[in-house]
Amino acid sequence: MGKLTIVVPAFNEEAVLPSTIATLTKIEHDLIEQNQIAENSDILVVDDGSADGTWAAIEEQHRQQPSVKGLKFSRNFGHQNALLAGMQEAVKSAEMIVTIDADLQDDPNAIIEMVKDYHEGADIVYGVRNNRESDTWFKRTTANGFYKFLNLLGVRLIVNHADFRLMSQKAVVTLMQYQERNMFIRGVIPMLGFKTAKVYYKRTPRMAGDSKYPLKKMLAFAWEGITSLTIAPVRLILVLGILAFITGICMMFYALFAKCFGATVHGWTSLMISIWIVGGLQMISLGVVGEYIGKVTTEVKHRPRFTIEKVLE
Ligand code: UDP
Ligand code: MG
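Residues numbered from 1 in each chain as written. Chains lettered and ligands numbered in written order. Predicted model: local features only at pLDDT ≥ 70, side-chain atom pairs only at ≥ 80, totals over all residues. Heavy atoms only, no water.

1. Some thoughts on the coordination of the magnesium ion (ligand 2)
Around the magnesium ion (ligand 2), the donor atoms from the protein are Asp103 (OD) and Gln105 (OE1), and they sit 1.8 to 1.9 Å away. Residue aspartate 103 is classed as buried on the basis of its relative accessible area of 3%. (Donors = N, O, S within 2.8 Å, 3.2 Å for Na, K, Ca; no water. Buried < 20%, exposed > 50% of the residue type's maximum accessible area, 1.4 Å probe, protein only.)

Pasting the structure below:
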């Protein structure tokens, strides 16, 4: 049976860590008993530069049971980086890697089903919440709007899936080949391919402590998602420019017509024509420059051109 590592990012989570680790340990214990995972399975907590006693709590838990391991960032590098660091470390030895938030809002019992799906051949198992009642109206509405908007821009996200998932070693190795510095993990995972599965669960309110995602961080995260997953906004400039230019041509005919048949003020015609046509040309030029910048953006990410799943020799 393969080794499972549960990666837990933690930023100022001293209030929840002990009980979180106890719950996750119990789940791993049960899975070991059922012969689903290896005995050396462990939990890796990534302290994302916490200012409270998070690291001390991790050390304390490690003393009590060596299957609890820790990574400590030198400062706060953010949730996504904490996840990546944990996965990068875990992939060295684990066959299955689960990522879950420290507050256990995502039902840890779903891990049992994820492991089952893994054994049935899935390389990526998405945890998908089937309710949003524990969220405020505001968070619910903005989250839904965000999915719709990204979908409109051509980015396919798994609706109601955050960063609670199981990945096989193979899938994580592939993820690590995506070398962009600003990685919006849940947007990149669907690009990896492989066989996927979904496990549904009910998301509950936070056990203790406050959300580490205030509105400001959430907006920054959403913006990060848009700008790192798509160059559609740049394309939009080009389209708007072309529309403005076509409008300009129409305006030109209209303005000349109006001038010939009387009713215009002196100077209006030339102003009207130049505002629209020059404006349109400027936007088209911006769009063209943007298209090249978009190309550069895609190039510097150094994403793999393809991923080979199997070879038959
Ligand atoms: N987190 C982190 N670094 C940060 C912010 C959050 O590692 O800068 C962790 C946090 O400890 C938790 C997870 O990311 O394990 C999700 O955060 P939180 O539960 O506060 O977000 P919410 O559920 O409110 O969206
Ligand atoms: Mg939470």
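2. Considering the pairing of strand 4 (residues 96–99)
Taking every second residue as pointing to the same face, both faces of strand 4 are buried, with Met96 and Val98 on one and Ile97 and Thr99 on the other. Here strand 1 (residues 4–10) pairs with strand 4 via 4 bridges, running parallel. Following the sheet pairing, isoleucine 6 is matched in strand 4 by valine 98. Relative to strand 6 (residues 161–168), strand 4 runs antiparallel, the two sharing 4 bridges. Its bridge partner being in strand 6, valine 98 is matched across the sheet by leucine 166. (Helix = DSSP H or I, 4+ residues; strand = E, 2+ residues; numbered from the N terminus. Pairing = 2+ DSSP bridges.)

3. As for unusual backbone geometry
Of note, the phi angle at leucine 104 is positive, near 50 degrees, even though the residue is not glycine. Tracing the backbone shows leucine 104 in the loop between strand 4 and helix 4 (110–119). On the basis of relative accessible area, leucine 104 is assigned to the buried category, the value being 8%. Positive phi outside glycine occurs at histidine 302, with the angle close to 50 degrees. Here histidine 302 is to be found in the segment after helix 10 (268–300). Residue class for histidine 302 comes out exposed when judged on its relative accessible area of 54%.

4. Things to note about the pattern of salt bridges
Counted under the stated rule, the structure contains 13 salt bridges. Between arginine 235 and glutamate 291 there is a salt bridge, with its nearest N and O atoms 2.6 Å apart. Of this pair, arginine 235 sits in helix 9 (residues 232–260) while glutamate 291 sits in helix 10, and the two are 56 residues apart along the sequence. Because the salt bridges share partners, they merge into one network encompassing Lys3, Asp42 and Lys69. (Salt bridge = Lys/Arg side-chain N within 4 Å of Asp/Glu carboxyl O.)

5. A word on the nonpolar core
Core analysis: the largest hydrophobic core is formed by 37 residues, its most contacted members being Met87, Met167 and Leu175. At the level of elements, helix 3 (79–90), strand 5 (124–129), helix 5 (137–152), helix 6 (169–176), helix 7 (185–192) and helix 8 (215–229) are the ones that each hand at least two residues to this core. If near-sequence neighbours (up to four positions away) are discounted, methionine 167 is found in contact with Met87, Glu95, Met96, Ile97, Asp123, Ile124, Val172, Leu175, Ile189 and Leu192. (Core = buried A, V, L, I, M, F, W, Y, C linked by side-chain atoms within 4.5 Å. Contact = heavy atoms within 4.5 Å.)

6. Quick look at the environment of valine 311
Examined against the element boundaries, valine 311 turns out to sit in the segment after helix 10. As a C-alpha pair, valine 311 and histidine 79 span 232 residues in sequence and 35 Å in three-dimensional space.

7. Topic: the site of ligand 1
Within the structure, ligand 1 sits among 19 residues, and Glu13, Asp48, Asp103, Ser211 and Lys212 are positioned closest to it. Residue aspartate 48 places a side-chain N or O atom 2.6 Å away from a nitrogen atom belonging to ligand 1. Aspartate 103 places a side-chain nitrogen or oxygen 2.6 Å from an oxygen atom of ligand 1. Relative to its unbound accessible area of 530 Å², ligand 1 is 94% covered by the protein chains. Of the residues belonging to the shell around ligand 1, the class tally is 5 nonpolar, 5 polar and 9 charged. (Near = heavy atom within 4 Å. Polar contact = N/O pair within 3.5 Å; in protein donor to acceptor, adjacent residues only side chain to side chain. Areas by Shrake-Rupley, 256 points an atom, 1.4 Å probe, with all protein chains shown as cover. Nonpolar A, V, L, I, M, F, W, Y, C, P; charged D, E, K, R; others polar.)

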